Amino acid sequence: MSKKIIEESKKYLMNTYDRAHIVLRKGRGMKVWGPDGKEYLDFVGGIAVNCLGHCYPKVVIALQKQAQRLLHVSNLYHIEPQIKLAKLLVTNSFADKVFLCNSGTEAVEAAIKLARKYAKDHTVPDRFEIITAEGSFHGRTLASLSATGQDKLKQGFEPHMPGFKHVPFNNIAALKNAVTRNTCAVMLEPIQGEGGVIIPDKDYLKHVREVCDDHGLLLIFDEVQTGIGRTGKFFAYEKFSVEPDIICLAKGLGGGVAIGAILAKESIAASFSHGTHGSTFGGNPLACTAASATIEALLEDGFLLDNCTRMGEYFIKRLEELKKEFPSTILDVRGMGLLIGMELTRSGSEIVKACADRGMLINCVKGNVLRFAPPLIVVEKEIDQLVDVLAEIIESI
Ligand SMILES: *Cc1c(COP(=O)(O)O)cnc(C)c1O
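Residues numbered from 1 in each chain as written. Predicted model: local features only at pLDDT ≥ 70, side-chain atom pairs only at ≥ 80, totals over all residues. Heavy atoms only, no water.

**Quick look at the overall build of the protein chain**
Stage number 1. The secondary structure content of the protein chain amounts to 15 helices and 15 strands.
Stage number 2. The C-alpha atoms of the protein chain give 21 Å as radius of gyration, which agrees with the globular expectation for 397 residues (21 Å, within 12%).
Stage number 3. Considering only C-alpha atoms, the protein chain reaches an extent of 60 × 55 × 45 Å along its principal axes.
Stage number 4. Counting across all 397 residues of the protein chain, residues that qualify as buried make up 53%.
Stage number 5. Across the protein chain, the fraction of contacts at a sequence separation of at least 24, relative to all contacts at a separation of at least 6, is 71%.
Stage number 6. Summed over its atoms, the accessible surface of the protein chain is roughly 18,200 Å², and 54% of this surface lies on carbon and sulfur atoms.
Stage number 7. Counting 47 positive and 47 negative side-chain charges, the protein chain places the centres of these two groups 4 Å from one another. (Helix = DSSP H or I, 4+ residues; strand = E, 2+ residues; numbered from the N terminus. Rg over C-alpha atoms; globule rule 2.2 N^0.38 Å. Buried < 20%, exposed > 50% of the residue type's maximum accessible area, 1.4 Å probe, protein only. Contact = heavy atoms within 4.5 Å. Areas by Shrake-Rupley, 256 points an atom, 1.4 Å probe, with all protein chains shown as cover. Lys, Arg positive; Asp, Glu negative; His and termini not counted. Charge placed at Lys NZ, Arg CZ, Asp CG, Glu CD.)

**Brief notes about the sheet that holds strand 2 (residues 31-33)**
Backbone-to-backbone hydrogen bonds pair the strands of a sheet. The strands run either parallel or antiparallel.
Stage number 1. Taken in spatial order, the four strands of this open sheet run 1-2-3-13, and their pairing is mixed. Each edge of the sheet is formed by a strand with only one pairing partner; in this case those strands are strand 1 (26-28) and strand 13 (360-361).
Stage number 2. In this structure, strand 3 (residues 39-42) lies alongside strand 13, joined through two bridges in parallel fashion. Looking at the pairing, leucine 41 lines up with methionine 360 of strand 13. (Pairing = 2+ DSSP bridges.)

**A word on the pattern of salt bridges**
Stage number 1. Within the structure shown, the criterion is met by 20 salt bridges.
Stage number 2. Ionic pairing is found between glutamate 129 and lysine 165, a salt bridge with its closest N-O pair at 3.7 Å. Residue glutamate 129 is found in strand 5 (residues 129-133), and its partner lysine 165 is found in strand 6 (residues 164-167); the two are separated by 36 residues along the sequence.
Stage number 3. For lysine 165, a relative accessible area of 26% corresponds to the partly exposed category. (Salt bridge = Lys/Arg side-chain N within 4 Å of Asp/Glu carboxyl O.)

**Comments concerning the sheet that holds strand 12 (residues 339-344)**
Stage number 1. Strand order in the open sheet made by the four strands is 11-12-15-14, with antiparallel pairing throughout. The sheet is open, and its two edges are formed by strand 11 (330-336) and strand 14 (363-365), each paired on a single side. If you compare each strand with its neighbour and ignore which way they point, the axes differ by 25° on average.
Stage number 2. Looking at chain direction, strand 12 and strand 15 (residues 369-372) are connected through four bridges and run antiparallel. Residue methionine 342 lies in a different strand from strand 15, and its bridge partner there is leucine 370.
Stage number 3. Across the face of the sheet, helix 13 (residues 303-325) comes into contact with strand 11, strand 12 and strand 15 while running at roughly 175° to strand 11. (Axes fitted to C-alpha atoms, helices over the stretch in contact; angles between N-to-C directions.)

**Regarding helix 4 (residues 80-91)**
Stage number 1. The terminal C-alpha atoms of helix 4, which comprises 12 residues, lie 16 Å apart, in line with the 16 Å expected from a rise of 1.5 Å per residue.
Stage number 2. Turning to helix 4, its buried residues number three or more, namely Pro81, Gln82, Leu85, Leu88 and Leu89. What you see down the axis of helix 4 is that its buried residues fit within an arc of 130°, all on one side. Residues of helix 4 that are exposed and point more than 90 degrees away from the buried face comprise Glu80, Lys87 and Thr91. (Expected span 1.5 Å × (residues − 1). Arc of directions from axis to C-beta.)

**Examining the site of the ligand**
Stage number 1. In the region of the ligand, the neighbouring residues are Ser103, Gly104, Thr105, Phe137, His138, Gly139, Glu189, Asp222, Val224, Gln225 and Lys251.
Stage number 2. Taking glutamine 225, its side chain carries an N or O atom lying 2.8 Å from an oxygen atom of the ligand.
Stage number 3. Considered on its own, the ligand offers 380 Å² of accessible surface; in the complex 82% of this is hidden by protein.
Stage number 4. Residue composition of the shell around the ligand, by class: two nonpolar, six polar and three charged. (Near = heavy atom within 4 Å. Polar contact = N/O pair within 3.5 Å; in protein donor to acceptor, adjacent residues only side chain to side chain. Nonpolar A, V, L, I, M, F, W, Y, C, P; charged D, E, K, R; others polar.)

**Some words on unusual backbone geometry**
Stage number 1. The step from glutamate 158 to proline 159 runs through a cis peptide bond, and the omega angle for that step is 0°.
Stage number 2. With respect to the helices, strands and loops of the structure, proline 159 is situated in the loop between helix 7 (151-154) and strand 6.
Stage number 3. You will see that isoleucine 47, though not glycine, has its phi angle at about 55°, which is positive.
Stage number 4. Along the chain, the position of isoleucine 47 falls in helix 2 (residues 45-48).
Stage number 5. With phi around 50°, cysteine 55 is a residue other than glycine that occupies positive phi space.

**Regarding helix 5 (residues 104-122)**
Along an α-helix, residues three or four apart share an orientation, since each turn contains 3.6 residues.
Stage number 1. Over its 19 residues, helix 5 runs 27 Å from end to end, which matches the ideal 27 Å to within 8%, given 1.5 Å per residue.
Stage number 2. Residues Gly104, Thr105, Ala107, Val108, Ala110, Ala111, Ile112, Leu114, Ala115 and Ala119 constitute the buried set of helix 5.
Stage number 3. Taking the backbone nitrogen of glutamate 106 as reference, a side-chain oxygen 3.3 Å away marks serine 103 as the first, capping residue of helix 5.

**Describing the packing of helix 13 against helix 15 (residues 380-396)**
Stage number 1. The geometry of helix 13 relative to helix 15 is characterised by a closest axis approach of 10 Å and an angle of 20° between their N-to-C directions. On the basis of their axis angle, the class for helix 13 and helix 15 is roughly parallel. The crossing of helix 13 and helix 15 is right-handed. Here Met311, Tyr314, Phe315, Arg318, Leu319 and Leu322 of helix 13 lie close against helix 15, whose contacting residues are Glu380, Ile383, Asp384, Leu386, Val387, Asp388, Leu390, Ala391 and Ile394.
Stage number 2. Of the residues that constitute the contact of helix 13 with helix 15, the class distribution is 11 nonpolar, no polar and four charged. (Parallel < 35°, antiparallel > 145°, perpendicular 65-115°, else oblique. Left-handed = near helix turned anticlockwise from the far one by under 90°.)

**Thoughts on the packing of helix 4 against helix 12 (residues 285-299)**
Stage number 1. Put simply, helix 4 and helix 12 touch, their axes get as near as 8 Å, and they point 35° apart. As helix 4 packs across helix 12, the resulting crossing turns out to be left-handed. Together, Pro81, Gln82, Lys84, Leu85, Leu88 and Leu89 of helix 4 and Pro285, Cys288, Thr289, Ala291, Ser292, Ile295 and Glu296 of helix 12 make up the contact between the two elements.

Put into structure tokens, the structure is as follows:
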């Protein structure tokens, strides 16, 4: 059955993804199933999207109720699900104000626009440059792609948008050197996700904050991947004890429904005055309802954040054991909470495929870093199952 579906997928969809030969039709918790009933444990989690697992009942029920009430009205009007979500985000963050959009790249675009506008409103007119990191990933639309620090993704789309400068990640001297009188902001992922799960030194982000304060620059954290509980705190900036001025969210925010957001303090948010930015679907009632239900479930009793921390530690411990067993294949194990990378001395694609054949979904970034971003509900037994499969596969290659 899957074969025909895959043929049609290739026939009718543009070929932008190198998809596995797997069709997925149904999910519950940590599990997903294909049309033929094949079962998988999902350690990809929609790439850090399905933070509560698949079809979390409270999210599904909230969506059903909202779907019967109202699907969409324009942002020309006040919409209660938006207000509820914004209140939840503000109450649980450094920020005062929220702008709602539909994806990670849109959140990054909004952050770039807000930083430029704030600079225009408050400093000399030619401050527009944003410093970002080499190896970073900020999205696929033209400004966020220009901000991204990976040439491979940018090739063929020149000319890139001016106003971005890239510096090595985790190198405070390089950042200091890159600041000019044109700089208005620094934008970083607290942990580089697509870049290979790169965790900066303990004090790097604190020093970045100091550089920003010294030069009057805004600090933007792209927490599209690290936010919404992924690192064991609601936001990764809490783990590093560094407050940004603007934060970008998406991926886990809707618990599986498309939504993005930026958060900022009042004084900065004020630069987004009437008519400066907007989105037809941004803050759509269904998306906001899903996001509120997700956040409520995540923060309800702290259980899921604790589970994320405990399972993250357990997962890393098990992978470290694997590394000891296979030192010639495994170079490094690193992670925070349930965003975990295992760097290999070889390409990871064969292992990803062999895992899928054995009912385990994982993915690979940068060609040789296996990335694990399972739902925050994952339990030890499931981690053991994956590690056993990984051991078998690595043993056999
Ligand atoms: C995934 C990701 C994005 C882009 O999000 P989309 O929803 O795919 O546009 C931006 N920044 C980071 C850090 C991401 O991980």
